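# Chains, contacts and geometry: an overview
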Amino acid sequence: MNVYDLDHLGIIAGIVDQLELESRTNACLGEHPQQVVSPGQGIKAMILNGLGFVSAPLYLYEGFFLGKATSHLLGEGIEPRHLNDDYLGRLLDKIWSYGPSKLFSLIAMDAYGIFGLDTGRYHLDSSSFSVHGAYEEMEEDIGSIAIAYGHSKDHRPDLKQFITEMVCSHDGSVPLSFQVASGNQSDQAVFGDRLHTFAQQWDVDGILVADAALYSAENLEKLGSLRWITRVPLTLSEAQVLVTDLAPEDFVDSEHPGYRFSSVCSTYGDVKQLWVVVENQGRIDSDHRQVDKQVEKARKQAQKQWHTQQNTDFSCTDDALMQAKAIAARWRYHTLEELNVVKTLHYQHPGRPKKDVPPTDVTYRATAILVEDEAAIERAKRKAGRFIVATNIVDDLEVNPDTILCDYKGQQAAEGGFKLLKDPLFFTSSVFLKTPERIAALATVMALALMVYTLGQRHLRKALAQNNETVLDQKKRPTPTPTLRWIFQSFQAIHLVCINGQRQVSNLTTERLKILSFFDPMCQKYYLTG
């Protein structure tokens, strides 16, 4: 009798099979007749490792599969020893040679057709991934990436990094496009080109949604007639004035609880567009507290500067006044009142001077009272909880401020994907490879694992909704929208048992069988129920 761990890996393997990832990968990367493990099976193994929620570097892949139902999940004759670091390194080289983004796009297009994704909305975002190691500066080859210092979204400026860009569907947050870029790349410099290229590849008819990095006059020009929704950076003077000047009565309630909005027209970048100024009621109090902290910090700095200024001598009244006003002009939340100049006579000898003795020197010092600039503080607090979402869709009656806000809030789709990729239990800890090319290839496999995860979660939730069913969550309460991660956790301690060539699966409880019934038969077959 032999017992092998199966756990939730059968669900993952079934989704990979449903996606037809193996056949697509083998067709792209090619197979060798002497290979025990095909490229498609190798990528499937890496996805199983990545979604196994066991942090395992590349050289531990073989160890990851020890004790698991390897041949059952990957193919007859495949053993853990076949999944060594040499094989996986060569596989990463093949992915790089073919083109990581190209391979990803082809698999994503298969997912679109097989799973019937709704692509009415697309979300673009990027994130940085820090790496450990020297990665000496070298001249980039054409098409290669540079592991370099840059703006770290991981808040690790001490580490070099690479950038990943991802376009996700609004329907299920499924990644449809994935790109690895150099660590010093600027989002604003490339986002316009990225969306334009994606729109051409996918023949986009939907709406492109992105964060403020997209919003620049140059990028808006590149997007041309494509329909887009994006956040407007408040660093623009026009945006600053708008969020500050709008009065509370200029806003109306949104269909979304806790939000209000006010709409204005704009022609920024010579593009006719609608700006929706959104006020998030839940953010107002916290933003007000943040302003109060800023005012207090500014007060201490201003007091220190003004104390120094008051003890500085000047040779004339005008100099003292000019310097005092110059310092006050730099203060954001404070100003000076009762500004005056005090004249001081200096004599050669100490004590009271005689009436007929002229002073040896005359100096002037500014005096004033440091006070808070109530108008400036009011303007800062008026901006509390406010941000601007812009769109060039101005003539579609179905697209109104409420739908624009809803579409922008869906931007969390891409952000949630990066959060999963950076989970310590995901295999981002494997990013220790020696070459940028292998790092780019591995990152692409990570994104494929995310695709499998989001497709599985989407499929389960849709099946539950269609059947008006629920499953139990972590607190044993029924839910129609479980996370796939919880489903994975609830499938622990399931084993494949082989007795005299006969196979059976142990520990399939009633709840687990119910959950499996909502997955595709390709998932069920690994548990011998389909």
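Here the structure is a predicted model, which is why all the values come from computation and not from measurement.

### Focus: the packing of helix α3 (residues 39-50) against helix α6 (residues 85-98)
Relative to each other, α3 and α6 sit at 110 degrees, their axes nearing to 10 Å. Comparing their axes, α6 and α3 come out roughly perpendicular. Contacts from P39, G42, I43 and M46 of α3 reach α6 at Y87, L88, L91, L92, K94 and I95. Class assignment of the residues belonging to the contact of α3 with α6 gives a composition of eight nonpolar, one polar and one charged.

### Focus: the packing of helix α2 (residues 21-29) against α3
Following both chains from N to C, one finds α2 and α3 inclined at 130 degrees, their axes separated by 7 Å at the closest point. One way to sum up the angle between α2 and α3 is to call them oblique. Our pair here, α2 against α3, has a crossing hand that is right-handed. Here α2 contributes L21, E22, T25, N26 and L29 to the contact with α3, which in turn contributes P39, G40, Q41, I43, K44 and I47. For the contact of α2 with α3, the per-class residue count stands at five nonpolar, four polar and two charged.

### Here we look at the side chain of T244
The residue T244 is located in helix α10 (residues 237-245) in this model. Not counting residues within four places of it along the chain, the set of residues in contact with T244 comprises R379, R382 and K383.

### Details of the pattern of salt bridges
Using the criterion set out here, one finds 19 salt bridges in the structure. The salt bridge partner of E22 is K44, with a shortest N-O separation of 3.5 Å. Linking E22 in helix α2 with K44 in helix α3, this pair joins segments that are 22 residues apart in sequence. This pair shows no difference in class: E22 is buried, exactly as K44 is. Note that R260 is salt-bridged to E279, the shortest N-O span being 2.9 Å. Taken together, the residues span a long stretch of sequence, with R260 in strand β8 (residues 259-266) and E279 in strand β9 (residues 273-280) at a distance of 19 residues. Here R260 matches E279 in class, with each residue buried. A cluster of three or more residues bridged by salt bridges with shared partners is formed by D17, E22, K44 and K525.

### With respect to the environment of A13
Summarising the element assignment, A13 is placed in helix α1 (residues 9-18). Separated by 86 residues in sequence, A13 and G99 place their C-alpha atoms 24 Å apart.

### Side note on the pairing of strand β16 (residues 502-506)
Residues in a regular strand project their side chains so that they alternate between the two faces of the sheet. Judged from the five bridges that link them, strand β15 (residues 495-499) and β16 form a sheet pairing that is antiparallel. What sits directly across from C498, in β16, is R503. Where β15 folds back onto β16 in an antiparallel hairpin, the turn is made up of two residues, including N500, whose phi is positive at roughly 50 degrees.

### As for the sheet that holds strand β6 (residues 228-232)
Overall, mixed pairing links the nine strands, which are arranged β4-β3-β2-β5-β6-β12-β9-β8-β7 in an open sheet. The outermost strands of the open sheet, each flanked by one partner alone, are β4 (175-182) and β7 (252-253). Note that β9 and strand β12 (residues 386-391) share six bridges and pair antiparallel. Residue pairing across strands places L274 opposite T391, the latter belonging to β12.

### Quick word on the packing of aromatic side chains
For the coordinates displayed, the defined rule picks out twelve aromatic pairs. With a centroid separation of 5.5 Å and 10 degrees between ring planes, the pair formed by F129 and F162 is classed as stacked. Placement of F129 in strand β2 (residues 121-131) and of F162 in strand β3 (residues 160-169) is noted, with a sequence separation of 33 residues between them. Here F129 falls in the buried class, since its relative accessible area comes to 5%. Taking the relative accessible area as the measure of exposure, F162 reaches 1% and is therefore buried. Among the aromatic residues, ring-to-ring pairing joins Y112, Y122, F198 and W202 into one connected group.

### Remarks on the environment of Q323
Note that Q323 resides in helix α12 (residues 317-329). For Q323, a relative accessible area of 32% corresponds to the partly exposed category. Ignoring sequence-local partners within four residues, the contact set of Q323 consists of Q309 and F314.

### Points about helix α15 (residues 412-421)
Along α15, the residues that are buried comprise A413, A414, G417, F418, L420 and L421. When α15 is viewed along its axis, its buried side chains cluster within an angular range of 160 degrees and face the same direction. Opposite its buried face, α15 presents the exposed residues Q412 and K419, each directed more than 90 degrees away. Lining the buried residues of α15 we find β2, β3 and α16 (436-466).

### Describing the sheet that holds β16
Strand pairs in the sheet, formed through backbone hydrogen bonds, run parallel or antiparallel to each other. Spatial strand order, β1-β15-β16: three strands in an open sheet with antiparallel pairing. At either margin of the open sheet sits one strand with a lone partner, and together these are β1 (2-5) and β16. With strand direction ignored, the average angle separating the axes of adjacent strands in the sheet is 25 degrees. Relative to β15, β1 runs antiparallel, the two sharing four bridges. Opposite Y4, over in β15, you have L496 as the bridge partner.

### A few points about the state of the cysteines
Per the counting criterion, the structure on display carries zero disulfides. Take C498: it sits in no disulfide, and the sulfur closest to it among the cysteines is that of C523, at 20 Å. A relative accessible area of 17% means that C498 is categorised as buried.

### Some details on helix α18 (residues 510-517)
Residues of α18 that are buried include every one of R512, I515 and L516, and no others. When α18 is viewed along its axis, its buried side chains cluster within an angular range of 100 degrees and face the same direction.

What counts and how
Residues numbered from 1 in each chain as written. Predicted model: local features only at pLDDT ≥ 70, side-chain atom pairs only at ≥ 80, totals over all residues. Heavy atoms only, no water. Axes fitted to C-alpha atoms, helices over the stretch in contact; angles between N-to-C directions. Helix = DSSP H or I, 4+ residues; strand = E, 2+ residues; numbered from the N terminus. Parallel < 35°, antiparallel > 145°, perpendicular 65-115°, else oblique. Contact = heavy atoms within 4.5 Å. Nonpolar A, V, L, I, M, F, W, Y, C, P; charged D, E, K, R; others polar. Left-handed = near helix turned anticlockwise from the far one by under 90°. Salt bridge = Lys/Arg side-chain N within 4 Å of Asp/Glu carboxyl O. Buried < 20%, exposed > 50% of the residue type's maximum accessible area, 1.4 Å probe, protein only. Pairing = 2+ DSSP bridges. Phe/Tyr/Trp six-rings, centres within 6.5 Å; stacked < 30°, edge-to-face > 60°. Arc of directions from axis to C-beta. Disulfide = S-S within 2.5 Å.

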